[in-house]
2 protein chains.
Amino acid sequence: MSEKVRKFSRKREAIRTVLANTKSHPTAEWIFSTLKPEIPDLSLATVYRNLSEMKENGEVQSVAFWGGKERFDGNVEKHSHFVCDKCGRIDDFDFIMHDKELDGVAQSHFGGKIDFHTLVFHGTCCECVNE
Amino acid sequence: MSEKVRKFSRKREAIRTVLANTKSHPTAEWIFSTLKPEIPDLSLATVYRNLSEMKENGEVQSVAFWGGKERFDGNVEKHSHFVCDKCGRIDDFDFIMHDKELDGVAQSHFGGKIDFHTLVFHGTCCECVNE
DNA sequence: TATAATAATGATAACAATTATTATTATTGT
DNA sequence: ACAATAATAATAATTGTTATCATTATTATA
C-alpha cells in the first residue's frame with residue numbers, strides 16, 4: 001500500500017486560514033458560511049472532509065467531543081470520567097482530588113460565573129492495555 | 001399555567017432501575033435494548049423522552065456532552081475551555097494550572113494508560129452575566 | 001366504581017449533523 | 001501535453017435525537 005500523496009488545495013488552505021484566525025472554536029457549518037462568500041463554489045462536504053483529515057494529521061483538534069452520542073449517568077454527583085479510546089467504555093474516575101476546589105480556583109481568575117466543570121481523562125483501559 | 005402533575009409509569013421506573021444498576025454510562029439505545037426483552041412494547045422514543053425529563057429534574061446527568069455539534073480548534077496544544085451555557089460561546093480558559101501534572105496524578109492511580117484529559121468549565125460568561 | 005382530565009405512550013415522521021458516493025475537476029510528476 | 005490520482009461539488013444516505021398525534025394508562029373525584 002503506497003502512501004497517499006497529499007496535493008495542494010486552495011480550499012484546504014482557506015480552511016486553515018480561518019482556523020488560524022479565530023478563537024471562537026467554530027463548527028464546520030460556521031467555517032463553511034464564513035468562506036462561502038469568498039469561495040462561492042465551496043461545498044460543506046469539503047469542509048467536513050478536510051477537518052476530519054486535518055484532525056487525523058494533528059493539525060486541528062476538537063473541543064471535548066468524542067462522537068456525538070449522549071451518555072447518561074444515574075449518579076447525579078459531579079465526578080470525573082475515564083474514556084477508553086480503544087473500546088469506548090466510560091468509567092467513573094474518582095481518585096480523590098481538588099474537584100470541588102477547581103471551580104473556586106477557576107472562578108477567582110474569571111469575570112463571569114463558573115457553575116461546574118467536566119473533567120474527562122482519555123487513554124487505554126486496563127483490559128485493552130494487556131493486548 | 002398549572003404545574004404539570006407527574007404520573008406513575010412502569011416504563012419510567014424500569015429506566016430508573018437500569019440506570020441505578022449500571023456503571024457503564026449507557027446511551028439511550030443501550031437502555032432501550034436492555035429493557036426491550038423484558039418490556040416488549042417499549043418504544044425508543046419513550047426512553048429518550050424520559051431521559052430528557054429526568055435530566056431536567058436532576059435525576060440523571062449526561063457525561064461531558066453539551067449538544068452534539070463538533071467544535072474545532074486550530075490550536076493543537078491541550079488546553080482547557082470555558083463554555084457559556086447562556087450564549088454558547090466557547091473560550092480558551094488557560095489560567096496557569098496543574099494541567100500537565102493532572103495526567104501524571106491520574107496515571108498514578110490507574111492501571112491503564114492515561115493519554116490526556118479534557119477540562120471544560122461551564123457557567124455564564126462576562127457579557128451574559130451583566131444582563 | 002364510573003368518569004373525566006390529562007399524563008404517558010408507540011409508531012413514525014421530521015430533523016440536524018455528519019459521512020459516503022460518484023462523476024467531474026485540479027494538481028502534480030513525468 | 002499527458003497520465004495518475006487527489007480533491008471536489010452535489011447530493012444521497014446514515015445516525016442520533018426530537019416532534020407529532022392518535023391511543024392508552026393513571027389519578028383525582030363524583
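The residue numbering used here restarts from 1 in each chain and proceeds along that chain's sequence as written. Lettering of chains starts at A and numbering of ligands starts at 1, both following the order in which they are written. Since the coordinates come from a predicted model, pLDDT governs what is reported: local features require at least 70, and pairs of side-chain atoms require 80 or more to be given and counted, while whole-chain, interface and lining totals use all residues. In computing side-chain values, all of the structure's heavy atoms are included and hydrogens and water are not.

By definition, any uninterrupted DSSP run of H or I lasting at least four residues is a helix, any uninterrupted run of E lasting at least two residues is a strand, and each is numbered from the N terminus. Along its length, chain A carries five helices and five strands. Listing the helices and strands of chain A from first to last along the sequence gives α-α-α-β-β-β-β-α-β-α. A compact globule built from 131 residues would reach a C-alpha radius of gyration of about 14 Å, whereas chain A, at 20 Å, exceeds it by more than 25%. C-alpha atoms of chain A, sized along the principal axes, occupy 50 × 50 × 25 Å. When burial is assessed residue by residue, chain A has 42% of its 131 residues classed as buried. Long-range pairs, those at least 24 residues apart, make up 45% of the contacts in chain A with a sequence separation of at least 6. Methods summary: accessible areas were calculated by the Shrake-Rupley approach with a probe of 1.4 Å, and residue burial reflects only the protein chains presented. A total of about 7700 Å² of accessible surface is found on chain A, and carbon and sulfur atoms cover 53% of it. The sign given to each residue is positive for Lys and Arg and negative for Asp and Glu; His and the chain ends receive no count. Note on charges: their place is set at NZ of Lys, CZ of Arg, CG of Asp or CD of Glu. Across chain A, the centroid of the 18 positively charged side chains sits 10 Å from that of the 21 negatively charged ones. All radius of gyration figures rest on C-alpha atoms, and the globule criterion is 2.2 Å times the number of residues raised to 0.38. Burial classes follow relative accessibility: with a 1.4 Å probe on protein chains only, a residue under 20% of its type's maximum area counts as buried, one over 50% as exposed, and anything between as partly exposed. The contact definition used throughout considers only heavy atoms, calling two residues in contact when any of these lie within 4.5 Å.

On to the protein's contact with DNA strand C, then. Taken together, 21 residues lie around DNA strand C, and Tyr48(A), Ser9(B), Asp41(B), Thr46(B) and Lys69(B) are the ones closest in. Residues are labelled near a given molecule or strand when at least one of their non-hydrogen atoms is within 4 Å of it. Of all atoms in DNA strand C that approach within 4 Å of the protein, 70% are sugar or phosphate atoms. In protein, a polar contact means a hydrogen-donor-capable atom and an acceptor-capable atom, both N or O and within 3.5 Å, with residues adjacent in sequence counting only if both atoms are side-chain atoms; elsewhere, any N or O pair within 3.5 Å suffices. Measuring from a phosphate oxygen of DNA strand C, one finds a backbone N or O atom of Leu42(B) at 3.4 Å. A distance of 2.8 Å separates a phosphate oxygen of DNA strand C from a polar backbone atom of Glu70(B). Of all the secondary-structure elements, those providing two or more residues to the surface near DNA strand C are helix H3 (44–57) of chain A together with helix H1 (10–20) and helix H3 (44–56) of chain B. Counting residues per element, the surface near DNA strand C draws most heavily on H3(B), which supplies four residues. Here the surface near DNA strand C is composed, by residue class, of six nonpolar, five polar and ten charged. Asp, Glu, Lys and Arg are counted as charged, while Ala, Val, Leu, Ile, Met, Phe, Trp, Tyr, Cys and Pro are counted as nonpolar; the rest, among them Gly, fall into the polar class.

Between chain A and chain B, which share one sequence, the superposing operator has a rotation angle of 180 degrees and an axial displacement of 0.0 Å; the RMSD is 0.2 Å. In the structure described here, the two chain copies are related by an operation that fits a two-fold rotation axis. When you check the interface residues of chain A against chain B, 100% turn up at the interface there too, and the contact is symmetric in its surfaces. Copy-to-copy alignment: least squares on C-alpha atoms, limited to residues at pLDDT 70 or above in both.

Lining the immediate surroundings of DNA strand D are 21 residues, of which Ser9(A), Lys11(A), Asp41(A), Thr46(A) and Tyr48(B) lie closest. Counting only the atoms of DNA strand D that lie within 4 Å of the protein, the sugar and phosphate share comes to 72%. With respect to DNA strand D, the side chain of Arg12(A) contributes an N or O atom lying 2.8 Å from a phosphate oxygen. In this structure, a phosphate oxygen belonging to DNA strand D sits 3.0 Å away from a side-chain N or O atom of Asn50(A).

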